[in-house]
Amino acid sequence: ADPIDENITPLKSKGKRIGVLTSGGDAPGMNAAVRAIVRVAISRGCEAYAIFEGYEGLVQGGKMIRKFGWADVRGYLAIGGTLIGTARCKSFRERSGRLDAACNLVKNGIDALIVCGGDGSLTGADILRKEWPGLIEELIQNGKLTVEEADPYKHLTIVGLVGSIDNDMPSTDVTIGAVTSLHRICEAVDSISSTASSHSRAFVIEVMGRRCGWLALMAAISTGADFVFIPERPPSENWEAEMCDVIKRHRQLGKRRTIVIVAEGAIDRNLNPIKPDYIKELLIKKPLELDTRVTTLGHTQRGGRPCAYDRNLATIQGVEAVNAVLESTPDTPSPMIGVNENKITSEPLLRAVELTHQVAEAISKQDFRRAMELRDPEFADNYEAYRATTLVDSEEMLVPEYQRLRIGIMHIGAPAGGMNQATRAAVRFALNRGHVPIAIYNGFRGILQENIRELSWLDVDDWTSKGGSELGTNRTEPDIDLGMVAYQIQKQRFDALLIIGGFEAYDSVRELRDARDKYPAFCIPIVCIPATISNNVPGTDFSLGSDTSLNAIVDSCDAIKQSASASRRRVFVVEVHGGQCGYLAVLSGLAVGATSTYIPEEGVSLKTLLADVNHLRRRYGDDKKGTSSGRLILRNECVSKTYTTDVIAKIIETEGSGLFDSRTCVLGHIQQGGASSPLDRIRAIRLAVRCIDFIERQAFPSMSPHEKAGPKVYTNSEESASVIGIIGAQVVFSSVVDLLKETDKKNRKSKRAWWIHFKELVDLLSKWGYSEKEA
Ligand code: ATP
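Since this is a predicted model, take the numbers as computed values, not measurements.

Q: Mind laying out the overall build of the protein chain, listing which residues take part and the relevant values?
A: Helices and strands together make up the secondary structure of the protein chain, namely 26 helices and 25 strands. Here the C-alpha radius of gyration of the protein chain, 28 Å, is about what a compact globule of 775 residues would show, namely 28 Å. Dimensions of the protein chain, computed from the C-alpha atoms along their principal axes, are close to 90 × 70 × 50 Å. Pairs at least 24 residues apart make up 80% of the contacts formed inside the protein chain by residues separated by at least 6 positions.

Q: Requested: an account of the site of the ligand, with residues and values cited.
A: With respect to spatial proximity, 18 residues lie near the ligand, and among them Gly-24, Gly-25, Gly-118, Gly-120 and Gly-124 are the closest. Looking at the shell around the ligand element by element, the count peaks at six residues for helix H5 (residues 119–141). Considered class by class, the residues forming the shell around the ligand number four nonpolar, 10 polar and four charged.

Q: An account of the UniProt feature "binding site: ATP" (unreviewed entry) in the protein chain is needed here, citing residue identities and associated values.
A: In the UniProt entry, the feature "binding site: ATP" (unreviewed entry) is given for Gly-25, Arg-88, Cys-89, Gly-118, Asp-119, Gly-120 and Ser-121. These annotated residues cover 97 residues of sequence, and their C-alpha atoms all fall within 14.2 Å of one another, placing them together at a single site. Mapped onto the elements of the fold, Gly-120 is located in helix H5. Looking at the secondary structure, you find Ser-121 in helix H5. Ser-121 gets classed as buried once you count the C-beta atoms within 10 Å, which come to 28. Not counting the four nearest positions on each side in its chain, Ser-121 is found in contact with Ser-23, Gly-24 and Val-115.

Q: Talk me through the confidence of the model for the protein chain; I want residue IDs and the actual numbers.
A: Looking at the protein chain, the pLDDT average stands at 92 and 96% of residues meet or exceed 70. Every residue in residues 6–13 is under pLDDT 50, and counting partners more than four places away or in other chains gives 11 contacts. Confidence over residues 770–775 falls short of pLDDT 50; this stretch has eight contacts with residues more than four positions distant or in other chains. Overall fold confidence (pTM) sits at 0.95, and the ipTM for the predicted complex is 0.97.

Q: Tell me about the packing of H5 against helix H12 (residues 349–364), and name the residues and values.
A: In the contact formed by H5 and H12, the axes pass within 10 Å of each other and the chain directions differ by 140°. Judged by the inter-axis angle, H5 sits oblique to H12. Between H5 and H12 lies a crossing of left-handed hand. Judged by residue contacts, Asp-119, Leu-122, Thr-123, Ala-125 and Asp-126 of H5 engage Leu-349, Leu-350, Val-353 and Thr-356 from H12. Here the contact of H5 with H12 is composed, by residue class, of five nonpolar, two polar and two charged.

Q: Any details on the pairing of strand E17 (residues 526–530)? Residues and values, ideally.
A: Of all five residues that make up E17, five are buried, and the element is covered over most of its length. Burial of the side chains of E17 extends over both faces: Ile-526, Cys-528 and Pro-530 are buried on one face and Val-527 and Ile-529 on the other. Relative to E17, strand E16 (residues 496–501) is paired through five bridges, and the arrangement is parallel. Among the inter-strand pairings, Ile-499 is bridged to a residue of E17, identified as Cys-528. Between the parallel elements E16 and E17, the chain passes through helix H18 (residues 503–514) in a crossover that is right-handed. Sheet topology note: the E17/strand E22 (residues 721–727) ladder contains three bridges and is parallel. Counterpart to Val-527 in the pairing with E22 is Ser-722.

Q: How would you explain H12 if you had to name every residue and give the values?
A: Taking 1.5 Å as the rise per residue, H12 with 16 residues should run 22 Å; its terminal C-alpha atoms sit 23 Å apart, in good agreement. Every buried residue of H12 is listed here: Leu-349, Ala-352, Val-353, Thr-356, Val-359 and Ile-363. The buried residues of H12 occupy an angular sector of 105° when the element is viewed end-on, so they sit on one face. Exposed side chains of H12 directed beyond 90 degrees from the buried face belong to Arg-351 and Ser-364. Buried residues along H12 sit in contact with H5, strand E5 (157–162), strand E10 (335–340), strand E11 (343–348) and helix H13 (368–374). Positive phi appears at Gln-366, one or two residues downstream of H12, with a value of about 60°.

Q: Kindly report on helix H23 (residues 678–699), identifying the contributing residues and their values.
A: With 22 residues, H23 extends 32 Å between its outermost C-alpha atoms, agreeing within 8% with the 32 Å of an ideal straight helix rising 1.5 Å per residue. Among the 22 residues that make up H23, 20 are buried, leaving the element largely enclosed by the rest of the structure.

Q: Break down the sheet that holds strand E7 (residues 227–229) for me, with residues and values.
A: Through backbone hydrogen bonds, the strands of a sheet pair up, either in parallel or in antiparallel fashion. A sheet is described by the order of its strands in space; here four strands give the open sequence E7-E8-E6-E9, paired in parallel fashion. In this open sheet, the two strands that pair with only one neighbour each are E7 and strand E9 (292–296). Adjacent strand axes in the sheet meet at a mean angle of 15°, parallel and antiparallel pairs treated alike. Looking at chain direction, strand E6 (residues 202–207) and E9 are connected through five bridges and run parallel.

Q: An account of the nonpolar core is requested, with residue identities and associated values reported.
A: Residues Ile-37, Ala-216 and Ala-688 are the most contacted members of the largest nonpolar core, which totals 230 residues. Among residues more than four places away in sequence, those in contact with Ala-688 are Ala-422, Ala-425, Ala-426, Phe-429 and Ile-529.

Q: Hey, could you go over the environment of His-577 for me, with residue numbers and the actual values?
A: Here His-577 is to be found in the loop between strand E18 (570–576) and helix H20 (583–592). With 25 C-beta atoms packed within 10 Å, His-577 lands in the buried category. Taking the C-alpha atoms as reference, His-577 lies 10.0 Å from Ile-670; in sequence the two are 93 residues apart. Residues contacting His-577, with those up to four places away along its chain left out, are Ile-533, Ser-534, Leu-584, Glu-637 and Gln-671.

Q: Describe the environment of Thr-389, and please don't skip the residues or the numbers.
A: Mapped onto the elements of the fold, Thr-389 is located in helix H14 (residues 377–390). Given 25 C-beta atoms within 10 Å, Thr-389 falls into the buried group. Sequence-wise, Thr-389 and Ala-426 are 37 residues apart; in three dimensions their C-alpha atoms are separated by 8.1 Å. If we ignore the near neighbours within four places in the chain, the residues touching Thr-389 are Ala-425, Arg-428, Phe-429, Ile-685 and Val-689.

Q: Report on the packing of helix H19 (residues 546–566) against H20, specifying residues and quantitative values.
A: Relative orientation of the contacting elements H19 and H20 amounts to 50°, with a least axis distance of 9 Å. If you check the angle between H19 and H20, you find them oblique. Considering the relative orientation of H19 and H20, their crossing is right-handed. Between H19 and H20, the contacting residues are Ser-546, Ser-549, Leu-550, Ile-553, Val-554, Cys-557, Asp-558 and Lys-561 on the first element and Tyr-583, Leu-584, Leu-587, Ser-588, Ala-591 and Val-592 on the second. Class assignment of the residues belonging to the contact of H19 with H20 gives a composition of nine nonpolar, three polar and two charged.

Q: Residues and numbers for unusual backbone geometry, please.
A: Lys-286 connects to Pro-287 through a cis peptide bond whose omega is 5°. Here Pro-287 lies in the loop between helix H10 (276–284) and E9. The phi torsion at Ser-200 lies on the positive side, around 55°, for a residue other than glycine. Of note, Glu-289 is a non-glycine position whose phi angle comes to about 50°, a positive value.

Q: Describe in detail the environment of Ser-543, supporting the description with residues and values.
A: Assignment of secondary structure puts Ser-543 in the loop between E17 and H19. When the 33 C-beta atoms within 10 Å are taken as the criterion, Ser-543 is described as buried. The sequence separation of Ser-543 and Gln-672 amounts to 129 residues, and the corresponding C-alpha distance is 13 Å. With near-sequence residues (within four places) excluded, Ser-543 lies in contact with Gly-502, Pro-530, Ala-531, Thr-532, Asn-535 and Val-537.

Conventions and cut-offs
Residues numbered from 1 in each chain as written. Predicted model: local features only at pLDDT ≥ 70, side-chain atom pairs only at ≥ 80, totals over all residues. Helix = DSSP H or I, 4+ residues; strand = E, 2+ residues; numbered from the N terminus. Rg over C-alpha atoms; globule rule 2.2 N^0.38 Å. Contact = placed C-beta atoms within 7 Å. Near = placed C-beta within 6 Å. Nonpolar A, V, L, I, M, F, W, Y, C, P; charged D, E, K, R; others polar. UniProt positions renumbered as here; feature names shortened; annotations may be inferred. Buried ≥ 20, exposed ≤ 12 C-beta atoms within 10 Å, placed from the backbone. pLDDT = per-residue confidence, 0-100. Axes fitted to C-alpha atoms, helices over the stretch in contact; angles between N-to-C directions. Parallel < 35°, antiparallel > 145°, perpendicular 65-115°, else oblique. Left-handed = near helix turned anticlockwise from the far one by under 90°. Pairing = 2+ DSSP bridges. Right-handed = clockwise from strand over helix to strand, strands pointing away. Expected span 1.5 Å × (residues − 1). Arc of directions from axis to C-beta. Core = buried A, V, L, I, M, F, W, Y, C linked by C-beta atoms within 7 Å.

As structure tokens, this is what we get:
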């Protein structure tokens with residue numbers, strides 16, 4: 001046994017013995033869930049049991065059910081698939097199999113079971129719980145259990161976690177594994193896109209999703225595919241002609257590649273499957289005559305190394321699953337832990353499974369409206385945003401001529417993932433509405449130098465994956481010369497401004513608004529899309545670029561941890577960005593299993609450092625065989641002027657008295673990431689489309705279609721200078737005036753650190769036991 005388990009002074013024991021199994025198709029993040037469940041269970045005075053090979057292990061028992069200690073799940077976070085195995089178990093579908101399973105649970109003293117799997121696995125779990133009293137009765141009757149043995153096990157607590165790459169359960173917005181799978185799909189499609197462009201080819205790409213088009217739709221959005229087929233929203237009756245027409249228009253505009261994404265379960269309105277080979281036939285025929293290839297992405301989509309989002313989702317849900325076990329009573333229905341509007345939810349498992357079946361039923365009855373409704377609200381929103389940025393010259397989208405606007409688009413602040421994708425979507429949608437999108441290069445410096453150009457549909461075509469800023473970005477705000485900025489806005493006849501960037505972008509909107517009295521040129525709709533890796537802009541839970549950055553940090557930290565582990569006794573102090581905001585440090589700390597995170601919101605003192613040194617000394621001191629792993633401490637760049645990254649590393653090494661050494665790593669600009677992550681791309685498109693819509697509404701608040709008097713656009717309302725944000729799952733516009741109360745001006749960040757409680761989780765999951773004893 002690992003000494004940490006023996007050294008733990010248990011909290012007042014809750015006495016539960018919690019079994020955990022992973023079942024159905026493997027999904028990245030399942031390991032993170034198992035790690036969190038095991039560690040939180042132990043920290044709550046429970047025992048944790050891993051059940052290997054899904055329900056197969058439960059039916060067979062014996063060595064397939066093993067007690068797990070703290071160290072048994074070490075290194076789990078970064079590994080794809082499921083380390084405790086999964087299987088499709090036929091015998092569990094029969095009552096006799098479930099009878100054996102019940103017997104094994106009782107013999108091992110397990111009175112709570114957490115199942116991580118898809119809808120099939122969760123259905124099985126619910127059946128087991130329903131049958132439980134009968135199964136126990138039968139086991140007593142056939143002599144497999146004595147009455148005394150069975151007595152403490154009158155009830156079985158069951159909690160479900162949804163692990164499935166398909167994202168096919170409507171009662172949760174995202175399932176564990178889906179986002180990683182999307183990462184792999186996007187990487188593949190990005191690669192295919194380069195070869196398609198080179199040869200001017202078409203590719204028809206089949207992605208997973210028998211009953212759910214989430215992967216296909218999100219991949220299409222993220223990669224700028226020309227057409228997508230999903231089960232919930234079959235194409236129109238004459239889709240063949242429609243598809244060819246869309247692709248023809250794209251080609252006429254000069255596009256050299258054609259990408260069509262097809263979900264495995266894609267169907268037409270009469271429920272006939274739409275298969276990639278048939279699409280290929282259409283593309284090679286007249287009128288398109290495209291050199292076309294079919295690619296089936298297959299099992300690469302299972303994902304492998306989990307992305308930051310899946311690690312954190314699985315971890316947080318794993319913690320909630322243990323909480324649910326401890327809170328459940330014999331009368332509470334088995335819960336399923338989900339996520340809704342960015343909040344962890346718990347709802348009856350049975351209802352969740354039922355809802356999933358309703359989607360399949362709606363599709364089979366050709367009630368596609370209902371099928372779409374059953375998906376989360378973002379799904380439909382994203383579908384519309386995709387169409388709005390893919391179609392060309394769609395008559396029905398055009399606004400009347402006198403309402404067409406000249407919209408200036410610029411990037412402000414440091415580069416961040418999603419900036420280009422937001423610009424691309426804004427340009428595309430604006431063009432479809434009949435507006436004129438104009439790039440302002442190099443921010444406010446560029447506007448002064450008249451460094452501007454109208455952007456065409458094709459100009460932005462290959463910006464789907466590019467990180468950084470194609471327009472050029474810097475931190476200069478309009479106060480560099482407000483008068484000249486006003487003059488240029490007037491001269492260039494801008495009717496609206498879309499400013500994409502970080503805190504400086506938000507601040508610029510505020511400056512322009514504040515100067516409206518003096519400069520009427522600023523009386524136009526001005527909207528900011530927050531884009532900064534630091535995620536510190538008021539008015540949003542997520543800024544574009546923060547997910548790309550988290551993934552870049554996690555990639556680097558995985559490599560650093562590997563190096564630290566190879567040296568056995570090494571602690572890395574890794575310095576991460578974030579300015580005065582600890583978001584990146586905490587969320588990446590959670591995703592890589594950092595020992596500690598030092599953030600400006602809490603500061604770092606000698607006392608904190610000593611507590612961590614003590615923890616490390618004991619951890620390495622107990623490791624007599626030298627098999628211990630390397631450890632990471634994440635330090636935000638601004639946490640302390642005294643305790644710099646170097647100083648912390650030196651203190652740690654000196655106080656470690658030779659038990660371990662330390663190294664530093666300053667991640668620097670690597671944290672801006674390369675290609676934008678799929679989540680940033682999707683958020684960018686959704687927000688950009690909404691911003692164009694916002695600009696239209698602000699420019700012509702209550703104008704009747706026939707009213708054309710006065711200057712084209714004049715607005716001085718508070719809300720016409722706003723920041724768009726994602727709060728929960730809602731897209732929200734907040735005026736810069738309203739956001740003042742949420743703004744910590746001195747530290748240039750939002751006062752609302754909604755993520756701060758995850759800091760405790762980082763500590764709990766990496767070093768409970770010792771710190772608990774010390775307390
Ligand atoms: P995925 O979404 O990856 O397919 P899943 O959990 O839906 O995951 P299934 O193969 O449907 O995958 O189910 C996994 C296991 O759960 C089955 O092999 C079986 O052991 C159990 N199971 C599924 N449905 C039932 C059921 N109706 N009754 C009892 N057990 C079931």
